[in-house]
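One-letter residues, chain by chain:
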Amino acid sequence: MKEPYWITREECLALHDMMLAQHGGISGVRDEHLLESALAKPQQQLAYGNPTMMDLAASYTSGVVKNHPFLDGNKRTGFMLGAGFLVRNGWHFTADEADAAIRTLALAAGEMTESAFAAWLETNSQPPS
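What counts and what doesn't
- Residues numbered from 1 in each chain as written.
- Predicted model: local features only at pLDDT ≥ 70, side-chain atom pairs only at ≥ 80, totals over all residues.
- Heavy atoms only, no water.
- Axes fitted to C-alpha atoms, helices over the stretch in contact; angles between N-to-C directions.
- Helix = DSSP H or I, 4+ residues; strand = E, 2+ residues; numbered from the N terminus.
- Parallel < 35°, antiparallel > 145°, perpendicular 65-115°, else oblique.
- Contact = heavy atoms within 4.5 Å.
- Nonpolar A, V, L, I, M, F, W, Y, C, P; charged D, E, K, R; others polar.
- Salt bridge = Lys/Arg side-chain N within 4 Å of Asp/Glu carboxyl O.
- Buried < 20%, exposed > 50% of the residue type's maximum accessible area, 1.4 Å probe, protein only.
- 1 Å grid on protein atoms, 1.4 Å probe; cavity = no way out; pocket = protein on both sides within 12 Å on 5 of 7 lines; lining within 4 Å.
- Points joined across faces, edges and corners; volume = space filled by probe spheres on them.
- Arc of directions from axis to C-beta.
- Phe/Tyr/Trp six-rings, centres within 6.5 Å; stacked < 30°, edge-to-face > 60°.

### So, the packing of helix α1 (residues 9-23) against helix α2 (residues 32-48)
A pair of packed helices can be characterised by two numbers: the angle between their axes and the separation between those axes.
Move 1: At their nearest, the axes of α1 and α2 sit 11 Å apart, and the two run at 110 degrees to each other. When the interaxial angle is binned, α1 and α2 end up roughly perpendicular. Contacts from Arg9, Cys12 and Leu13 of α1 reach α2 at Glu32, Leu35 and Leu39.
Move 2: Here the residues of the contact of α1 with α2 are counted per class, giving 4 nonpolar, no polar and 2 charged.

As structure tokens, then:
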């Protein structure tokens, strides 16, 4: 796999601010180290394994959803981070908003594993042309 475009801390913070502006919530980072960990997780997966793009996107989502680095909006931001990672790397995400919300809530509640979330992303994404 060629090196993907990684989401920067600044892009993540901008995405978080955009989600809060659209849907409301408390602004701010609760724990910088947890945010750093969530953003580094996919890069570590690539360095030490053979993940797919879906695995990396699911890792971004899970990292934020499970780490709760923000005061509010972790699930929204986590989902958009994973989907945005795919789009930024040329993929087209096709799931509807309701299904995305259900799957992200299931991931957050531990009712869906990260690998199952990656499989769902794969089913709902089209590769770059």
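### Concerning the pattern of salt bridges
Move 1: Scanning the entire structure with this criterion turns up 4 salt bridges.
Move 2: A salt bridge links Arg103 to Asp99; the nearest nitrogen and oxygen atoms lie 3.1 Å apart. Of this pair, Arg103 and Asp99 both sit in helix α5 (residues 97-109), separated by 4 residues, roughly a single helical turn.
Move 3: Using a relative accessible area of 28% as the deciding quantity, one classes Arg103 as partly exposed.

### Things to note about the layout of surface pockets
Any space left empty among the atoms is revealed by the rolling of a water-sized probe across them.
Move 1: Considering only enclosed or pocket space, the largest pocket measures out at about 270 Å³ in volume.
Move 2: Forming the boundary of the largest pocket are Met19, His23, Lys75, Arg76, Phe79, Met80, Glu97, Ala100, Ala101, Thr104 and Leu105.
Move 3: Among the secondary structure elements, those contributing two or more residues to the lining of the largest pocket are α1, α4 (74-88) and α5.

### Section: helix α6 (residues 114-123)
Move 1: Considered for burial, the residues of α6 that qualify are Phe117, Ala118, Trp120 and Leu121. The buried side chains of α6 occupy one side of the element, clustering within an arc of 160 degrees when seen end-on. Among the exposed residues of α6, those oriented more than 90 degrees off its buried face are Ser115 and Thr123.
Move 2: Lining the buried residues of α6 we find α3 (53-67), α4, β1 (92-93), α5 and β2 (125-126).

### What about the packing of aromatic side chains?
Move 1: Tallied over the entire structure, the rule returns 6 aromatic pairs.
Move 2: With a centroid separation of 5.4 Å and 45 degrees between ring planes, the pair formed by Phe117 and Trp120 is classed as tilted. With Phe117 and Trp120 both in helix α6, this residue pair falls 3 residues apart, about one helical turn.
Move 3: Taking relative accessible area as the criterion, Trp120 reaches 5% and is therefore assigned buried.
Move 4: Within the aromatic cluster, the residues linked to one another by ring pairs are Phe79, Phe93, Phe117 and Trp120.

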